[in-house]
Amino acid sequence: MGVWSTTRVLLLTITALAVSACGESTTVEIGSGPIGSGPDPTPTPLPSPMPKGDWIIGDAHVHDDHSADGSFFRQVIDQGAVGNVSVADQIAQGGRMGLQWMPLTDHRTYDQHYDPLWKSDQLLLIPGEEANGSPHATVHGAIDTIVQGANPEGAPEFQRLQWSVWDAHSQNASWTIAHPEEGSYDEDHNPTVLASVVGIDNVETWNRGSDPEGELDYAENRWNAGFRFGIVGGGDNHFRELWLVAGPGMPYTGVLAQDLSERALLDGMRSGHTRINTSELRDLSPTVTLQADFQNDGEYEAVNGDEVFVPAGTPGRLRIRIEHGTGTQLLLYKSPGRSTGAYQTYVPLGPDMVYEEDIVAEADPTWYRLEARGPGGIAAINTNELPGSLLTLLEQVPNQLRAVSAPIFISTVPADPRAEVPIPADQGVDDGAVIALGEIGRYTGFPSVAVAGGVTHLVSEVHAPACTQVVYRRMAEGGEPIDLAPASCSARFPKIAARDSDVWVAWQDERAGQIPRRPAVYLRHSSDGGRSWGDEIALRAIEGRAERPDIAITASGRPVVVWQEIGDGKAFDIYAQIVGEDAAPVNVSADGKTVQAPMPFDTRSALYPASVWPCVAVSADGRIAVAFQDNRDDLDPLWTGSSAGRGTDPDDWQIRVMRRGDDAGAWLSAGVVGDAARADRHPALAWSGDGRMVLAWDSKVLESSGRNLSIQSAVSGDDGVSWSMPESVALVPEAMSQYPSLAAQADGSVVAAWYDSRSADWRWRIVTARYSADAGWGDAALIPSRGINTWPALADGVLTFASTRNAARLQRDRTQQIAMLLLNR
């Protein structure tokens, strides 16, 4: 029996949440008009500072020993060999290179972020991963690993890549094709079927260990076919032995960002506001910037990476700047690009030169980009050429790539990609849901919902310029959106709970700054059903990271909050606190763990078993249970190889459950659930009407890519003393099913919802199923919504989820809103 209804939530008064623009690609719609005189071949005086922020430099592609091939010994001998490139080693080297931001993009794992060494007082560390089996993709800003599933039989080979892109974008993360000449481009420089993937944010056009010439050719080929993305560079460093010639920051990737924060940086990356340059001397390395003005007002409204939409025949002007370019040749390319030679060539004679070019918008889509070439040092030679002949290297010296910019794209209307294999048309229909939060062109995600006294309470993460906000809405009486953390621009991952007139919201917050990363847990309370709110409460702030909270309300009306946290030399653990009852938080996951500092000469020998992704639920009669994922039973937690033999990849994660005992403050084990041959992650927990604990999680075999996730469940009728054997819920083997949510319903049943790829048009959509004590799990019901639909959250009778149904394009439209619909009772 399906559990979703086309009944609209008629009692809800829907008001769009107005959120100002946040670093997205500039869209400029203007009419034609006169512009000044023709081309001026002479440099102009340096104009006023460029708008939209500052260029901050980093490296988009760096590895450490959490990668399967993370160091010289592990690549040459075996994964089980010793490591010599720790998380701290790469972070320190990035600092020595003068970087301002850096991810650690380890292969098909997120475990590097659970290492206590993931910290810096100097760099902005952002989450990163080199995802997928083929082709590789670097993902920045995701909340966990982006799993590449198995491609459905008979489907184009890039379908699983498309899932990956949409999955990352559902989190407002940035998705980049890494070294595209390896898989996306064949030996004859023709795109393969993998190049049909739509919506990528950047292409790695300068990978230190591969072929930047082929990578630039690939990018131009895709731009000419209507694909719209920026560029990044990466050292792709695995070996400390190569730090001097190919370490972090070789080359630099510059991102135009409003400030030095994770959100601002990701906004710039997703907008393609990027440029790359060599790093032989940071303050003397050439950099190039391209801007465009089509309004004849001297204000350059577009910068490299932007799209400009104007009528054909509209005159415009390019502003071309090169810094530290003396001795180089500056090349302005116009589509189709290098195959027809440079559109204009300049020879910079000073340290900071600006040129202008008058252009006219054409009927067909056009792009312009910059490239600087000339003699350089070892930092301009890619390491893939080092084994070659001396003659080959000498031939490169006069024409080394020194700097490159993303293009500015000019067209009459937004360009659509002309893929070799097109994505199926959206087969979604009107699902009866209403839009509860979010605005066209903006990102809203990670909703949480609660129902009390017949009132629905909604909270979600909303992204504004260089800012993440926690926004609440009372879905009754014309309730308006309320920013619950107005003093913060780094409030994330909100969770909500309600009982009677009490409403509590918990979230993660970094208002003190993100260098170092020190997230804290905050709370806010309403005692009148969400009509007004008390002051913010800083529940947990440590010399470490307290993050990812969840919240429920006890039978006595007190909030019980759980979160994950880590400190220096410690493993991630789960903490719980009943606010107003417990004097201090309690570590509910530490018992039974073995922690080991790294041994000398083997950076990967450290053992820091992680307990993460907590969730909490309270039964109708007041019993409390907490579930989380935990890898303490893995052979070598957080690593992909073992000195005793080949280790697991990913780890053997299992679900652990704790419950509150009769004695105040006592937490008791309520069992370990999962399969030692599978990675069991992202638990959800609910109490059924008859007092059973119901667990759900997503699960996959211990292979890092090419295997699908499925939803698993187990039930306990005795407070976790025993559990049923895990079973698949609504399994479709050729589909990916992930991130379940659970909630008890008024009839005593428990509803599960997750996002799933089983639709014929490839889109992620929400699937639900209902559990009852007498019948177990019922059939699945797929909600045939338009767009990409992810991050379901459930409460009694209500389902909310993130949806792109109102996005106009499959590329470069960030529209994601929160939809809400009623469940069948």
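Residues numbered from 1 in each chain as written. Predicted model: local features only at pLDDT ≥ 70, side-chain atom pairs only at ≥ 80, totals over all residues. Heavy atoms only, no water.

## Examining the overall build of the protein chain
Argument step 1. From N to C terminus, the protein chain includes 7 helices and 49 strands.
Argument step 2. Of the contacts made within the protein chain by residues no fewer than 6 positions apart, 65% connect residues no fewer than 24 positions apart.
Argument step 3. Accessible area for the protein chain stands at about 27500 Å²; split by element, carbon and sulfur atoms hold 52% of it. (Helix = DSSP H or I, 4+ residues; strand = E, 2+ residues; numbered from the N terminus. Contact = heavy atoms within 4.5 Å. Areas by Shrake-Rupley, 256 points an atom, 1.4 Å probe, with all protein chains shown as cover.)

## Observations concerning the nonpolar core
Argument step 1. With 92 residues, the main nonpolar core has Tyr114, Val139, Trp175, Ile200, Leu799 and Met820 as its most contacted residues.
Argument step 2. The element best represented in this core is helix H3 (residues 159–169), accounting for 5 residues.
Argument step 3. Formed by 23 residues, the second largest nonpolar core is a distinct cluster that contains Ala292, Leu332, Tyr355 and Ile410. (Core = buried A, V, L, I, M, F, W, Y, C linked by side-chain atoms within 4.5 Å. Buried < 20%, exposed > 50% of the residue type's maximum accessible area, 1.4 Å probe, protein only.)

## A closer look at the pairing of strand E24 (residues 467–474)
Argument step 1. Among the 8 residues that make up E24, 8 are buried, leaving the element largely enclosed by the rest of the structure.
Argument step 2. Of the two faces of E24, the one holding Cys467, Gln469, Val471 and Arg473 and the one holding Thr468, Val470, Tyr472 and Arg474 are both buried throughout.
Argument step 3. Pairing of strand E23 (residues 455–464) with E24 involves 8 bridges; the strand directions are antiparallel. Bridge assignment links alanine 464 to a residue of E24, and that residue is cysteine 467.
Argument step 4. As consecutive antiparallel partners, E23 and E24 are separated by 2 residues, and within that stretch alanine 466 has a phi angle of approximately 50°, a positive value.
Argument step 5. Note: E24 against strand E25 (residues 482–483), 2 bridges, orientation antiparallel. Along E25, the bridge assignment pairs tyrosine 472 with isoleucine 482. (Pairing = 2+ DSSP bridges.)

## Quick word on the packing of aromatic side chains
Any aromatic ring pair is given by two values, namely how distant the centres are and how the planes are angled relative to each other.
Argument step 1. Applying the stated criterion to the full structure yields 24 aromatic pairs.
Argument step 2. For the ring pair tyrosine 472 and tryptophan 533, a centre distance of 4.9 Å and an interplane angle of 70° mean the geometry is edge-to-face. With tyrosine 472 in strand E24 and tryptophan 533 in the loop between strand E28 (520–526) and strand E29 (537–540), the pair connects residues that are 61 residues apart, well separated along the chain. Considered together, tyrosine 472 and tryptophan 533 belong to a single accessibility category, that of buried residues.
Argument step 3. Each ring, one from tyrosine 771 and one from tryptophan 777, has its centre 5.5 Å from the other, and the planes form 55°; the classification is tilted.
Argument step 4. The class of tryptophan 777 is buried, set by a relative accessible area of 13%.
Argument step 5. Joined through ring pairs, the aromatic side chains of Trp163, Phe446, Phe493, Trp613, Tyr739, Tyr755, Trp764 and Trp791 make up one cluster. (Phe/Tyr/Trp six-rings, centres within 6.5 Å; stacked < 30°, edge-to-face > 60°.)

## Looking at the pairing of strand E1 (residues 54–58)
Each regular strand carries side chains that alternate between the two faces of the sheet.
Argument step 1. Counted residue by residue, E1 has 4 buried out of 5 residues, so it is predominantly covered.
Argument step 2. Pairing geometry for E1 and strand E9 (residues 252–257), over 5 bridges, is antiparallel. Bridge assignment links glycine 58 to a residue of E9, and that residue is threonine 253.

## Some thoughts on the pattern of salt bridges
Argument step 1. Evaluated as defined, the whole model comprises 47 salt bridges.
Argument step 2. Here arginine 317 ties to glutamate 356 by a salt bridge, and the two come within 3.1 Å at their closest N and O atoms. Of this pair, arginine 317 sits in strand E14 (residues 315–323) while glutamate 356 is found in strand E17 (residues 352–360), placing the two residues 39 residues apart along the sequence. Here arginine 317 matches glutamate 356 in class, with each residue buried. (Salt bridge = Lys/Arg side-chain N within 4 Å of Asp/Glu carboxyl O.)

Note that every value here comes from positions in space, so none of it alone points to a role or purpose.
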